Amino acid sequence: MPSLSSIRAILTDGDGVLNRGLDPLPGAREFLAALDEAGAPYLLLTNNATSTPEQISGRMAKMQIGISPERIFTSAQATANWLKDRFAAGSRVLAVGEVGLWTPLRAAGFTLVDDHREAELVVAGLDRQATYAKLAEATLAINAGCPFIGSNPDLSIPTERGVEPGAGSILAFLEAATGVAPTILGKPQPDFFHQALARLGVTAAETAMIGDRYETDILGGANAGMRTIAVLTGISSAEVFASSDPPPTWTFSDLRAVLEAWRSSR
């Protein structure tokens, strides 16, 4: 097994790695504190598009996990960046989502609308207050020819109550209603990882992606040219990781074990 000694920077998932809902996971506090002490560049790279970085940082603080908003990069932010490069400022967006999606879209210069007749784009993520009426407006807009963009493909999310529906379930509803597959910007799409690396000013070769879900965290990190660290505190099992192609570079029980191996390698 290769050594962790060559890893200079870290991208880490949140839910299932650092926390499960409102519960901190083993080693999360100590791992981030060790990165801060070592001066290692890192970002929490999350497919969570419901919350702003400030909100996520605040929730982490309640769990005594210290991470500043500047060290949090969401799929909603990456989606807004991607759209800004491709659509005119002021374009009208019908957004199915929550404040974590609305905020970066507005910051990127887009105008949010609720009526399908005004929409030029449909952008969808997890919306825990979604109504049939809202989904119908998005369906009508997509059927009228609006481009359909999804913040992330996660069909489910781990919470303190158990596994609940994720953004991918909303996207699946809209795809079933329209026959149109969305363009997805979150993990595992390489663009999300490339944006994160650019923010840190590091290369893929010197960075590791830590995640609990194979099809987003690990596969996405590998496809972006990074080495990957799987932990068994979230969605995917050890058996899933071992049988996957490509497998994670390393698999650990939790962040405590990652930290121990990282310290030993240094």
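Look above for the structure.
All values reported here derive from a predicted model rather than from experimental measurement.

Caption draft 1: Seen up close, the sheet that holds strand β6 (residues 92-96). What the five strands build is an open sheet, ordered β7-β6-β8-β9-β12; its pairing is parallel. In the strand order of this sheet, the two ends are held by β7 (111-113) and β12 (183-184), each with one partner. One ladder, built from two bridges, connects strand β9 (residues 148-150) with β12; its direction is parallel. Among the inter-strand pairings, Ile149 is bridged to a residue of β12, identified as Thr183. Packing against the sheet, helix α5 (residues 132-143) makes contact with β6, β8 (121-124) and β9, and its axis sits at approximately 135° to β6. Helix-sheet contacts for helix α6 (residues 167-178) involve β6, β8, β9 and β12, and the interaxial angle to β9 is about 160°.

Caption draft 2: Spatial organisation of the sheet that holds strand β15 (residues 250-252). Ordered in space as β5-β4-β1-β13-β14-β15, the six strands form an open sheet in which the pairing is parallel. On the outer flanks of this sheet lie β5 (72-74) and β15, each paired with one strand and no other. Averaged over all neighbouring strand pairs, the angle between strand axes comes to 25°, with direction disregarded. Where strand β13 (residues 207-211) and strand β14 (residues 227-231) come together, four bridges link them in parallel fashion. Directly across from Ile210, in β14, lies its bridge partner Ile229. The strands that helix α7 (residues 190-200) touches are β1 (9-12), β4 (42-46), β5 and β13; relative to β4, the one it contacts most, it runs at about 155°.

Caption draft 3: Broad picture of the packing of α5 against α6. Running from N to C, α5 and α6 point in directions that differ by 50°, and their axes come no closer than 10 Å. Accordingly, the angle class assigned to the pair α5 and α6 is oblique. α5 and α6 meet at a crossing whose hand is right-handed. Two secondary-structure elements touch here, α5 through Leu135, Ala138, Thr139, Ile142 and Asn143 and α6 through Ile170, Phe173, Leu174, Ala177 and Thr178. Here the contact of α5 with α6 is composed, by residue class, of seven nonpolar, three polar and no charged.

Caption draft 4: The environment of Met209, seen in detail. Here Met209 is to be found in strand β13. Under the relative-accessibility criterion, Met209 is labelled buried at 0%. A sequence separation of eleven residues divides Met209 from Ala198, and the C-alpha atoms of the two residues are 15 Å apart.

Caption draft 5: How the structure looks around helix α8 (residues 214-223). Taken residue by residue, α8 has Tyr214, Thr216, Asp217, Ile218, Gly220 and Gly221 as its buried positions. Of the surrounding elements, those touching the buried residues of α8 are α7, β13, β14 and α9 (238-243).

Caption draft 6: Representation of the packing of helix α1 (residues 28-38) against helix α10 (residues 255-265). Remark: α1 packs on α10, axes separated minimally by 8 Å, with the N-to-C direction vectors making an angle of 30°. Our classification of the angle between α1 and α10 gives roughly parallel. Considering how the two elements wind past one another, α1 and α10 form a crossing that is left-handed. The residues of α10 that touch α1, namely those facing Ala28, Glu30, Phe31, Ala34, Leu35 and Ala38, are Leu255, Val258, Leu259, Trp262 and Arg263. Broken down by class, the residue content of the contact of α1 with α10 amounts to nine nonpolar, no polar and two charged.

The rules behind the values
Residues numbered from 1 in each chain as written. Predicted model: local features only at pLDDT ≥ 70, side-chain atom pairs only at ≥ 80, totals over all residues. Heavy atoms only, no water. Pairing = 2+ DSSP bridges. Helix = DSSP H or I, 4+ residues; strand = E, 2+ residues; numbered from the N terminus. Contact = heavy atoms within 4.5 Å. Axes fitted to C-alpha atoms, helices over the stretch in contact; angles between N-to-C directions. Parallel < 35°, antiparallel > 145°, perpendicular 65-115°, else oblique. Left-handed = near helix turned anticlockwise from the far one by under 90°. Nonpolar A, V, L, I, M, F, W, Y, C, P; charged D, E, K, R; others polar. Buried < 20%, exposed > 50% of the residue type's maximum accessible area, 1.4 Å probe, protein only.

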